[in-house]
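The primary structure of each chain is shown beneath.
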Amino acid sequence: MPDNAPLTEAQLRELATELRSLRDELENQLALIAPSTRPVTLDQQAVGRVSRIDAIAQQEMDSARQKHSSERLRAVLVALSRVDSGDYGYCQQCDEPIGCGRLAAKPETPLCLACQQQNESG
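Remember, it's a predicted structure, so these values are computed and weren't measured experimentally.

Asker: If you had to explain the nonpolar core to someone new, which residues and values would you point to?
Answerer: Leu19, Val76, Tyr88, Cys91 and Leu103 are the most contacted members of the largest nonpolar core, which has 19 residues in total. Secondary structure elements with two or more residues in this core: helix H1 (9-33) and helix H2 (49-85). With six residues, the top contributor of residues to this core is H1. When sequence neighbours within four positions are dropped, the list of residues in contact with Val76 reads Leu19, Leu22, Arg23, Leu26 and Glu108.

Asker: Give me the side chain of Thr109: which residues, what numbers.
Answerer: Residue placement: Thr109 occurs in the loop between helix H3 (100-105) and helix H4 (113-121). Classification of Thr109 by relative accessible area gives buried; the value is 7%. Within the structure, the side chain of Thr109 is placed 3.5 Å from the backbone oxygen of Leu111, a separation counted as a polar contact. When neighbours within four sequence positions are excluded, Thr109 is seen to be in contact with Ile98, Arg102 and Leu103.

Asker: How would you sum up unusual backbone geometry? Please name residues and give values.
Answerer: Look at Asp95: it is not a glycine, yet its phi comes out positive at around 65 degrees. Mapped onto the secondary structure, Asp95 falls in the loop between H2 and H3. Given a relative accessible area of 55%, Asp95 falls into the exposed group.

About the criteria used
- Residues numbered from 1 in each chain as written.
- Predicted model: local features only at pLDDT ≥ 70, side-chain atom pairs only at ≥ 80, totals over all residues.
- Heavy atoms only, no water.
- Core = buried A, V, L, I, M, F, W, Y, C linked by side-chain atoms within 4.5 Å.
- Buried < 20%, exposed > 50% of the residue type's maximum accessible area, 1.4 Å probe, protein only.
- Helix = DSSP H or I, 4+ residues; strand = E, 2+ residues; numbered from the N terminus.
- Contact = heavy atoms within 4.5 Å.
- Polar contact = N/O pair within 3.5 Å; in protein donor to acceptor, adjacent residues only side chain to side chain.

Written out as structure tokens, the structure is:
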């Protein structure tokens, strides 16, 4: 089957299951990250200067991870809504089928490879 063919029912079910699993994983990850993204206290007595700098660096990394996970979760939720509406598997830009291989690698992707490349280059 060509990679640009519409998804079969079996492929759609498998990808929808993957999306739901990814949603749950991201929600759990965000719940675990949340406490470590709170501001680091300025109490120099409780935490030494070097430890405080390490804590701030860790907080910044966790904040970046939280942002990335939140953005990916939003994309997964949009993809799941497209599954429900029957639009999943079609490019949001050109309305052509997105290749199953591309969706297997990144099930939340909204664009076919050609449109993604066009957006990145222009």
